[in-house]
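# Architecture at a glance
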Amino acid sequence: PNLLRLLPQHSQQLKHAARLAPAPCRWNSGLPMNIGVLFVPQQEAWVVERMGKFHRILEPGLNFLIPLLDRIRYVQSLKEIVINVPEQSAVTLDNVTLQIDGVLYLRVMDPYKASYGVEDPEYAVTQLAQTTMRSELGKLSLDRVFRERESLNASIVDAINQASDCWGIRCLRYEIKDIHVPPRVKESMQMQVEAERRKRATVLESEGTRESAINVAEGQKQAQILASEAEKAEQINKAAGEANAMLVKARAKAEAIQLLAAALAQQHGNAAASLSVAEQYVSAFSKIAKDSNTVLLPANTGDVTNMVAQALGIYTTLTKPQAVKTQDEMSQTHEDSQPPATEVLKAEQGSSS
């Protein structure tokens, strides 16, 4: 009961002491008051001092403290904290001034170091991120700043972690939100981009023209090859056809000659042959005037009898050796029955006249 009566007085004294000497608070608006029984929320660490000296860190859950002797000095949040890094100016390797802002993600790993290692961890980490950003940008040119943003972020995180290890804070990542380029430099970059795009367009157009010319040449080459192969095949087929036609004509002519020879060997065959030659001789003279304006005629053209006699004489002269051979080969019975060739010729001349 005495303790309960003293609690309101002690609480008023604690409030008055807090007003006189406010404790630094990182991410909370106020410090909890020691009433002996305390409930620490999850993901928070309360740093307790006993008679001005560090005593212990309260874990989440139920905790007991001695009033007046123990005092909650710092409240640290163990959650991931997001800090907005203000916009700053930095000079690149090629002397271009940039305006860069970013976002910093960090977490308290050791509440003791975060409470006693540095006075204001948020301000310290923010200043460290800004200075590291300036130093890293001074190592890169303007073109590399845009291409190597990921490597730049990683370098800033490594530099912050090396310096903030003794503060009990770990930087998880750093992201650049925006990069502002001077207007003149921006115009130059736009001109460079346009020139680069025109160059690519020209190169692509030339490559397209080259590919088109190559394709046309290849097509013409293939067309010529196919045309030559087709002409070759046509000539081969034509030659084969002509050869086959010549063979067929030769076989037909040979068969005709054989049939003619067989017909001449029969009875009265020479007379029939003489008649056929005379008819062809006469018809040949009738066609001469139709084929050409210049006609060569013998002197006795009007004497048809003489012309036929000349044709039969030519035929008789050509067939005389063959007639001698056939007479030797023929049997004696055929020689008796068949009349002489001279008589046949005389009879044919008489009949034609």
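Everything numeric here is computed off the predicted structure, so don't read it as measured data.

## Thoughts on the side chain of Gln130
Note on placement: Gln130 falls in helix H3 (residues 121–137). Apart from residues no more than four positions distant in its own chain, Gln130 is found in contact with Val85, Pro86 and Gln88.

## Examining the pattern of salt bridges
All chains considered together, the criterion is met by eight salt bridges. In this structure, Asp70 and Arg50 form a salt bridge, with 2.5 Å as the shortest nitrogen-oxygen distance. Here Asp70, found in strand S5 (residues 70–77), pairs with Arg50, found in strand S2 (residues 44–50); they are 20 residues apart in sequence, far enough to count as distant. Here Lys139 ties to Glu136 by a salt bridge, and the two come within 3.8 Å at their closest N and O atoms. Under the relative-accessibility criterion, Lys139 is labelled exposed at 54%. According to the relative accessible area criterion, Glu136 is buried, its value standing at 16%. Where salt bridges share partners, they join Glu80, Arg107 and Arg173 into one cluster.

## Observations concerning the nonpolar core
Counting residues in hydrophobic clusters, the biggest one holds 31 residues, and the most contacted among them are Leu104, Met133, Ile160 and Tyr174. For this core, the secondary structure elements donating two or more residues are strand S6 (80–91), strand S7 (97–108), H3, helix H4 (142–147), helix H5 (149–164) and strand S8 (169–180). Per-element accounting of this core gives the leading share, six residues, to H3. Beyond its immediate stretch of four places on either side in the chain, Ile160 contacts Leu104, Val125, Leu128, Ala129 and Cys171. Judged by nonpolar contacts, the second largest core, of eight residues, contains Trp46, Leu58, Leu65 and Ile72.

## Structural notes on the pairing of S2
Counting buried residues in S2 gives six out of seven residues, a clear majority hidden from the surface. Where S2 lies against S5, seven bridges are found, and the strand directions are antiparallel. Within S5, the position partnered with Val48 by the bridge is Ile72. Across five bridges, the pairing between S2 and strand S3 (residues 53–58) is antiparallel. Bridging across to S3, Val48 finds its partner in Arg56. The antiparallel hairpin formed by S2 and S3 contains two residues in its connecting segment, where Met51 sits at a positive phi of about 55°.

How each quantity is defined
- Residues numbered from 1 in each chain as written.
- Predicted model: local features only at pLDDT ≥ 70, side-chain atom pairs only at ≥ 80, totals over all residues.
- Heavy atoms only, no water.
- Helix = DSSP H or I, 4+ residues; strand = E, 2+ residues; numbered from the N terminus.
- Contact = heavy atoms within 4.5 Å.
- Salt bridge = Lys/Arg side-chain N within 4 Å of Asp/Glu carboxyl O.
- Buried < 20%, exposed > 50% of the residue type's maximum accessible area, 1.4 Å probe, protein only.
- Core = buried A, V, L, I, M, F, W, Y, C linked by side-chain atoms within 4.5 Å.
- Pairing = 2+ DSSP bridges.

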